[in-house]
Amino acid sequence: MAIHWLQAFEVGKYLVSQRLSGRKRFPLVLMLEPLFRCNLACPGCGKIQHPTEILKQNLSPEECFKAAEECGAPVVSIPGGEPLLHPQIDEIVTGLVARKKFVYLCSNAILLEKSLHKFKPSPYLTLSIHLDGLGEKHDECVDRKGVFDTAVKAIKAAKAQGFRVTTNTTVFEGTDPKEMQDFFDFSTNELKVDGMMVSPGYSYEWAPDQDHFLKREQTSALFRAILAPYRNGSKKWNFNHSPLFMDFLMGQKDYECTPWGSPSYSVLGWQKPCYLLNEGHYKSFQELLDQTDWDQYGRKSGKPQCQDCMVHCGFEPTAAMDSMEPGNIGRSVGSLIGMS
């Protein structure tokens, strides 16, 4: 089971309560960025392009807890930057777990092994490790040799200590389907991770490398090729996604983005309105909900930046809501017990 049964139950209960209350826009995952600093300079990421005075800033634990309570999302993803560079990351994680938030601590794993003593295994905590492929492929993606080996060693140490560990993989233009399938085999059979997250690369405007992001048609074709053994049942890869989101990646479903499903809070405030766009910030989550013209986002809006985007932070919430439809409940439940 990729998604822990407790998380599946609580998130399902949350989705039902939102539907019964008649709310049309509500958060599912809070993207909490306590800092933008990083110990890597990945060419596909633009976070470290912020000015030096911004890179020096951290959110305090109290600011993180306030954002989580203000937002109310049951899941909190902590990306960055590199969260393990934050001097109080253990306090932040411990406080969110105590509030029964399902925390995904995202890391490149360079500092993970020596940081494990700061955390306790819990069904509310998942270590989400950035791996974009095997060996040289991953090292190329992060622009530093040896990072793959360091991450693999850290994952094995975390698993040995009882932590839930998932991988987080971005698929870029030019990816070899067979190489990605080999990576999924390695993650499943060798690392024995608890789940894998995958997402097509989105043309984040601050990213230094703008040449390897996928167009929508390319995305669907590439994921159909990569996931062919999964679709025909010859591979039992364990993805940390709704099976409906996997259908979407392969072009079998046509979803609209729900950008309010994954709001982002950082040292700059609440981002307007998408995690991947640089359009300014609001001071409160309620301002984000009330003052954003949501019709100006998503593929139907005609917004150029939205036309090729298929990333999980925009479409996983859509798939989650679709999973609550009567015709999809059986398959969604089946995926939790390995029967999808």
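In the block above lies the structure referred to throughout.
Fair warning: this is a prediction, and the values are worked out from it, not measured in the lab.

A. View of the overall build of the protein chain. Check the secondary structure of the protein chain and you find 13 helices and nine strands. Relative to its length of 340 residues, the protein chain is compact, with a C-alpha radius of gyration of 19 Å against a globular reference of 20 Å. For the protein chain, the spread of C-alpha atoms along the principal axes amounts to about 45 × 45 × 40 Å. Residues counted as buried form 56% of the 340 residues belonging to the protein chain. Sequence-distant contacts in the protein chain: of pairs separated by 6 or more residues, those separated by 24 or more amount to 73%. Of the roughly 14,900 Å² of accessible surface on the protein chain, a fraction of 52% belongs to carbon and sulfur atoms. Across the protein chain, 37 positive and 40 negative side-chain charges occur, with their mean positions spaced 5 Å apart.

B. Looking closely at the sheet that holds strand β4 (residues 125-130). Read from one edge to the other, the open sheet built from nine strands follows the order β6-β5-β4-β3-β2-β1-β7-β8-β9, with strand pairing classed as mixed. Strand pairing shows two members of the sheet lacking a second neighbour, β6 (195-200) and β9 (281-282), which therefore form its edges. Packed on one face of the sheet, helix α3 (residues 61-71) meets β1 (29-32), β7 (264-266) and β8 (269-271) and runs near 155 degrees to β1.

C. Focus on the side chain of H86. Counting through the fold element by element, H86 comes out in the loop between β2 (75-78) and α4 (89-98). A distance of 2.9 Å separates a polar atom in the side chain of H86 from the backbone nitrogen of Q88. Those residues in contact with H86 that sit more than four places away from it in its chain are P34, L35, N58, L59 and I92.

D. Up close: the pattern of salt bridges. In the structure shown here, the tally under the stated rule is ten salt bridges. Note that E190 and K156 form a salt bridge whose closest N and O atoms lie 3.1 Å from each other. Placement of E190 in helix α7 (residues 177-190) and of K156 in helix α6 (residues 147-160) is noted, with a sequence separation of 34 residues between them. For E190, a relative accessible area of 43% puts it in the partly exposed group. For K156, a relative accessible area of 38% corresponds to the partly exposed category. Residue D322 is joined to K253 by a salt bridge in which the shortest nitrogen-to-oxygen separation is 3.7 Å. Here D322, found in helix α12 (residues 312-322), pairs with K253, found in the loop between α10 (243-249) and β7; they are 69 residues apart in sequence, far enough to count as distant.

E. Structural context of the pairing of β2. In β2, alternate side chains face the same way, and those of V75 and S77 on one face and V76 and I78 on the other are all buried. Where β1 and β2 come together, three bridges link them in parallel fashion. Within β2, the position partnered with M31 by the bridge is S77. Here four bridges tie β2 to strand β3 (residues 102-107), and the two strands are oriented parallel to one another. By the bridge assignment for β3, V75 is matched with F102. Viewed along the sheet, the connection from β2 through α4 into β3 turns out right-handed.

F. Representation of the side chain of H4 within the structure. Tracing the backbone shows H4 in the segment before α1 (5-21). Residue H4 is classed as buried on the basis of its relative accessible area, which comes to 19%.

G. Structural detail: the packing of α7 against helix α8 (residues 216-226). It is at 9 Å that the axes of α7 and α8 come closest, and there the two elements cross at 55 degrees. Classified by the angle their axes make, α7 and α8 are oblique. Two packed elements cross with a definite hand, and for α7 against α8 that hand is right-handed. Judged by residue contacts, P177, M180, Q181 and F184 of α7 engage L222, A225 and I226 from α8.

H. Examining α1 more closely. Along its 17 residues, α1 runs 24 Å from first to last C-alpha, staying within 8% of the 24 Å computed at 1.5 Å per residue. Within α1, burial applies to L6, Q7, V11, G12, Y14, L15 and Q18. In the core, the buried residues of α1 are packed alongside β2, β3 and α12. The first or second residue beyond α1 is G22, which carries a positive phi of 85 degrees.

I. Focus on the nonpolar core. Core analysis: the largest hydrophobic core is formed by 95 residues, its most contacted members being L32, I78 and F184. Counting residues per element, this core draws most heavily on α6, at seven residues.

Cut-offs and rules
Numbering of residues starts from 1 in every chain and runs along the sequence as written. Whole-chain, interface and lining totals are the exception, using all residues; otherwise, since this is a predicted model, local features are given only for residues with pLDDT of at least 70 and side-chain atom pairs are given and counted only at 80 or more. Just so you know, side-chain values use all the structure's heavy atoms and leave hydrogens and water out. Working definition: helices are DSSP H or I runs of at least four residues, strands are E runs of at least two. Numbering for both runs from the N terminus. Atoms considered for the radius of gyration are the C-alpha atoms alone. The globule rule reads 2.2 Å times the number of residues to the power 0.38. Summary of the burial criterion: residues with accessible area below 20% of their type's maximum are buried, those above 50% are exposed, and those between are partly exposed, where the area comes from a 1.4 Å probe applied to protein chains only. Two residues form a contact once any of their heavy atoms are found within 4.5 Å. The Shrake-Rupley method, run with a 1.4 Å probe, gives the accessible areas here. Residue values count only the displayed protein chains as cover. Charged residues are defined narrowly, with Lys and Arg counted positive, Asp and Glu counted negative, and His plus the chain ends left uncounted. Every charge is mapped to an atom, namely NZ of Lys, CZ of Arg, CG of Asp or CD of Glu. Being paired, for any two strands, means DSSP has found at least two bridges between them. Lines fitted to C-alpha atoms define the axes, with helix axes restricted to the stretch in contact, and inter-axis angles between N-to-C directions lie between 0 and 180 degrees. N or O atoms within 3.5 Å of each other form a polar contact, as long as, within protein, one can give a hydrogen and the other can take it, and as long as residues adjacent in sequence are counted only when both atoms are side-chain atoms. Whenever Lys or Arg places a side-chain nitrogen within 4 Å of a carboxyl oxygen from Asp or Glu, that contact is recorded as a salt bridge. Crossovers are described as right-handed under a simple rule: with the strands pointing away from the observer, the path leading from the first strand over the helix to the second runs clockwise. We call two directions roughly parallel when the angle between them is under 35 degrees, roughly antiparallel when it is over 145, roughly perpendicular when it lies between 65 and 115, and oblique otherwise. Helix crossings fall into two classes, left-handed where the near helix is turned counterclockwise from the far one by less than a right angle and right-handed where it is turned clockwise. A helix is expected to span 1.5 Å for every residue after the first. We define the nonpolar core as a collection of buried residues of types Ala, Val, Leu, Ile, Met, Phe, Trp, Tyr and Cys that are connected through side-chain atoms lying within 4.5 Å of one another.

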